[in-house]
Amino acid sequence: MSDDTIDGARGQALWARADRVLPGGGVYLSRSADAAGRGTLPGFIVGAEGCRVTDADGRSYLDFLCANGPNLLGYCHPEIEDAARRQAALMTSASLFPEALVDVVEMLVDRFDGMDWGLVSKNGSEVVALGIRVARQARQRSLVIGFTKAYHGNDPELAFAPAPGVATERTRDVLRVPWNDASALLDLAQECGDRVAAIALNPVDQNAFEPTNSANPDFIAAIEQVRDAYGVLLLLDDVRHGFRMHPLGSHQVLGIKPDLLALGKALGNGYSISALLGTEDLRDAARANLYTSTYMFETPPMRAAIATVEVYDRDDALGTLTAAGTRLREGLLAAAEATGHAISYTGPVAAPMMRFVDDPGADRQRSFARHAADRGALFHPVLNWFLSAAHVDSDIDEAIAIAAEAFRLTSHGA
Ligand SMILES: Cc1ncc(COP(=O)(O)O)c(C=O)c1O
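Counting restarts for each chain: residues are numbered from 1 in the order of the written sequence. Per-residue local features are limited, in this predicted model, to residues with pLDDT of at least 70; the limit for side-chain atom pairs, both in listing and counting, is 80 or more; totals at the level of whole chains, interfaces and linings are taken over all residues.

Some thoughts on the overall build of the protein chain
Move 1: Counting from the N terminus, the helices are the DSSP runs of H or I reaching at least four residues and the strands are the DSSP runs of E reaching at least two. Helix and strand content of the protein chain: 13 helices and 15 strands.
Move 2: C-alpha atoms define the radius of gyration in this analysis, and the globule rule sets the expected value at 2.2 Å times the number of residues to the power 0.38. Scaling as 2.2 N^0.38, a compact globule of 414 residues should have a C-alpha radius of gyration of about 22 Å, and the protein chain matches this with 21 Å.
Move 3: Here the C-alpha coordinates of the protein chain stretch approximately 55 × 55 × 45 Å along the principal axes.
Move 4: Intrachain contacts of the protein chain at a sequence separation of at least 6 include 77% that bridge at least 24 residues. Distance between backbone-placed C-beta atoms decides contact: two residues are in contact if it is within 7 Å.

What follows is the structure, encoded as structure tokens:
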């Protein structure tokens, strides 16, 4: 443990215990303290409310990590907590089909245009991987096209780098082409389009350490061309951006209609629920898949998801998120300019990515994040940030003032 860690005595003691019993390292990928740079952000969180979290030493922070997506409406939102608690008082896991399952899937199917059936699970990874299996079953083809570095969860087949412990033949059927490269996509399809079951697409190209790229119209047109010419299915992975780009699915922004839609993270506002939705002609393929798991019938997350979507619509949460994100973006761009820092600020305003220009090792990024954390705001140094509807103007202004000071204290590089 470095002397320079942000963790106080209790956080450091927790690290000592964690290092004895947790494997640590890459197994947590971007969630690991090592990805942020250990000691840059507090290692341990013990409480969260609204848009603030409390670390093990009792310090409170304005939080722009949002639990890596789930915090959409505010941590411990009273109506979501109440819905989950009332359900938990009736039952948690179910022996047979719970009523809440029909309620939540019906809500999702009725909400997302063109979707006719749905399965719910606990995490985004499971439903994206399941979507691929449904597509393969439907098309009786094994290849999948994805995009360079695009993250789709922990299924080793979809990992963007060789996955330790996974037989190489398990990963060879996922082919990657560069994002926004329409001709590479068309060339690949010409070679093997009739053997491709699905294209797995994120609504934007948002990877750790890099500015975010929107999809350009030629690229979207090429995707549509491949679908039409070869009968390739489109799986939209809206796990990260769902509810933060468009209330009815991020594909509305792209102007496309997916065959399969994967949702997670924000859907339960902190409760573990994800969903795979699909079109009618894929229903039989979904039925044929092996999907069952013990906790897929855990009911409080289902009630939490229903309440989340109701509150989200009623309160125009996306409007709030977008206004908060826009205010943050403008404030940070101005603060960076005033302190002489060249930054890029890209991506959806409710899930932005801030990068220092010419900072390949992310040293300035970490310095900024650490200075901000010292002053009470958590900005992840290498991942995109998230806004919640609990971030009100005064929170954003506080965050901008903290960021301005953090910029001032961050070196301008070599
Ligand atoms: C685009 C995308 N897909 C899938 C996943 C996997 O979701 P989960 O971590 O809930 O399994 C993530 C997680 O960050 C994601 O960003």
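So, unusual backbone geometry
Move 1: In the Ramachandran plot, Cys66 falls in the positive-phi region, its phi being about 50 degrees despite a non-glycine side chain.
Move 2: Along the polypeptide, Cys66 turns up in the loop between strand E3 (60–63) and helix H3 (78–90).
Move 3: According to the C-beta neighbour criterion, Cys66 is buried, with 28 such atoms within 10 Å.
Move 4: The backbone of Asp358 sits at a positive phi, close to 55 degrees, despite the residue not being glycine.
Move 5: Position of Asp358 among the secondary structure elements: in the loop between strand E14 (353–356) and helix H12 (363–374). Burial is judged by counting the other C-beta atoms within 10 Å of a residue's own C-beta: 20 or more makes it buried, 12 or fewer makes it exposed, and any count in between marks it as partly exposed, with every C-beta position built from the backbone.

Section: helix H5 (residues 124–139)
Move 1: Helix span, expected: 1.5 Å multiplied by one less than the number of residues in the helix. When the terminal C-alpha atoms of H5 are compared, their 23 Å separation across 16 residues agrees well with the 22 Å that a helix rising 1.5 Å per residue should span.
Move 2: Most of H5 is tucked away: 14 of the 16 residues are buried.
Move 3: Among the residues trailing H5, Gln140 stands out with phi positive, at a value near 55 degrees.

Thoughts on the site of the ligand
Move 1: Each residue gets a C-beta atom placed from its backbone. If that atom is within 6 Å of a molecule or strand, the residue is near it. The local shell around the ligand holds 13 residues, among which Asn123, Gly124, Ser125, Gly153 and Arg240 are the closest.
Move 2: Looking at the shell around the ligand, the element that brings in the most residues is H5, giving three residues.
Move 3: Partitioned by chemical class, the residues of the shell around the ligand number three nonpolar, eight polar and two charged. Residues are grouped as follows: nonpolar covers Ala, Val, Leu, Ile, Met, Phe, Trp, Tyr, Cys and Pro; charged covers Asp, Glu, Lys and Arg; every other residue, Gly included, is treated as polar.

A closer look at the nonpolar core
Nonpolar side chains tend toward joint burial in soluble globular proteins.
Move 1: Among buried residues, those of type Ala, Val, Leu, Ile, Met, Phe, Trp, Tyr and Cys that are joined through C-beta atoms within 7 Å form a set called a nonpolar core. Membership of the largest hydrophobic core comes to 111 residues, with the highest contact counts inside it found for Ala198, Ile199, Leu235, Ala262 and Ala377.
Move 2: Just so you know, the domain bounds were taken from an automatic or database domain assignment. The residue makeup of this core includes at least three contributed by each of domain 1 (9–70 + 319–409) and domain 2 (78–314).
Move 3: Dropping the residues within four chain positions of it, Leu235 is found in contact with Gly131, Ile132, Ala135, Ala198, Ile199, Ala200, Leu201, Pro258, Leu260 and Ala262.

Some details on helix H7 (residues 217–230)
Move 1: Its 14 residues place the ends of H7 20 Å apart at the C-alpha level, agreeing with the 20 Å of an ideal helix rising 1.5 Å per residue.
Move 2: Those residues of H7 that are buried are in contact with helix H6 (182–192), strand E7 (196–201) and strand E10 (233–237).
Move 3: Looking one or two places after H7, you find Gly231, whose phi comes out positive at around 65 degrees.

Let's talk about the environment of Ala304
Move 1: Within the secondary structure, Ala304 sits in helix H10 (residues 300–314).
Move 2: Placed 219 residues apart in sequence, Ala304 and Arg85 show a C-alpha to C-alpha distance of 8.9 Å.
Move 3: With residues up to four places along the chain from it excluded, the contact list for Ala304 reads Ile80, Ala83, Ala84, Gly268, Asn269, Tyr271 and Ile273.

Some points on the domain arrangement of the protein chain
Move 1: Each assigned domain of the protein chain is listed here: domain 1 (9–70 + 319–409) and domain 2 (78–314).
Move 2: Spacing between the C-alpha centres of domain 1 and domain 2 amounts to 27 Å.
Move 3: Listed as interface residues are 17 residues of domain 1 and, on the opposing side, 15 residues of domain 2.
Move 4: Sorting the residues of the side of domain 1 that touches domain 2 by element identifies strand E13 (343–346) and E14 as the ones contributing at least two each.
Move 5: Residue composition of the side of domain 1 that touches domain 2, by class: ten nonpolar, six polar and one charged.

Observations concerning the pairing of E14
Move 1: Both faces of E14 are covered, namely the face carrying Met353 and Arg355 and the face carrying Met354 and Phe356.
Move 2: At least two bridges found by DSSP between two strands is the condition for calling them paired. Examined bridge by bridge, E13 and E14 share four bridges and lie antiparallel to one another. Its bridge partner being in E14, Tyr345 is matched across the sheet by Met354.
Move 3: What sits between E13 and E14 in their antiparallel hairpin is a turn of six residues, with Gly347 showing a positive phi close to 90 degrees.

Some words on the sheet that holds strand E15 (residues 377–378)
Move 1: One open sheet holds the four strands; their spatial order is E1-E2-E3-E15, and the pairing between them is mixed. Since the sheet does not close on itself, it has two edges, and those belong to strand E1 (45–49) and E15, each with one partner.
Move 2: As defined by bridge partners, strand E2 (residues 52–55) adjoins E3 across three bridges and the pair is classed as antiparallel. Opposite Val53, over in E3, you have Tyr61 as the bridge partner.

Overview of the sheet that holds strand E12 (residues 274–278)
Move 1: The strand order E4-E12-E11-E10-E7-E5-E6 describes an open sheet built from seven strands, whose pairing is mixed. One side of each edge strand has no neighbouring strand; the edge strands of this open sheet are strand E4 (117–121) and strand E6 (174–177). Going from strand to strand, the sheet's axes swing by 20 degrees on average, the running direction of each strand aside.
Move 2: Two strands pair when backbone bridges link them, and strand E11 (residues 260–263) and E12 are joined in this way by four bridges, in the antiparallel orientation. Among the inter-strand pairings, Ala262 is bridged to a residue of E12, identified as Leu276.
Move 3: Axis definition: a line fitted to C-alpha atoms, over the contacting stretch in the case of helices. Angles run 0 to 180 degrees between N-to-C directions. Its contacts with the sheet place helix H4 (residues 99–111) against E4 and E12, and it is angled at close to 125 degrees to E4.

Here's the deal with the packing of helix H11 (residues 317–338) against helix H13 (residues 393–409)
Move 1: For the pair H11 and H13, interaxial distance at closest approach is 9 Å and the crossing angle is 20 degrees. In this view, H11 runs roughly parallel relative to H13, as classed from their interaxial angle. For the element pair H11 and H13, the recorded crossing hand is right-handed. Together, Ala324, Arg327, Leu328, Gly331, Leu332, Ala335 and Ala336 of H11 and Asp393, Ile396, Ala399, Ile400, Ala403, Ala404 and Phe407 of H13 make up the contact between the two elements.
Move 2: Residue composition of the contact of H11 with H13, by class: eleven nonpolar, one polar and two charged. Roughly parallel covers angles under 35 degrees, roughly antiparallel covers those over 145, roughly perpendicular covers 65 to 115, and oblique covers all other angles. Less than a right angle of anticlockwise turn of the near helix away from the far helix marks a crossing as left-handed, whereas a clockwise turn marks it as right-handed.

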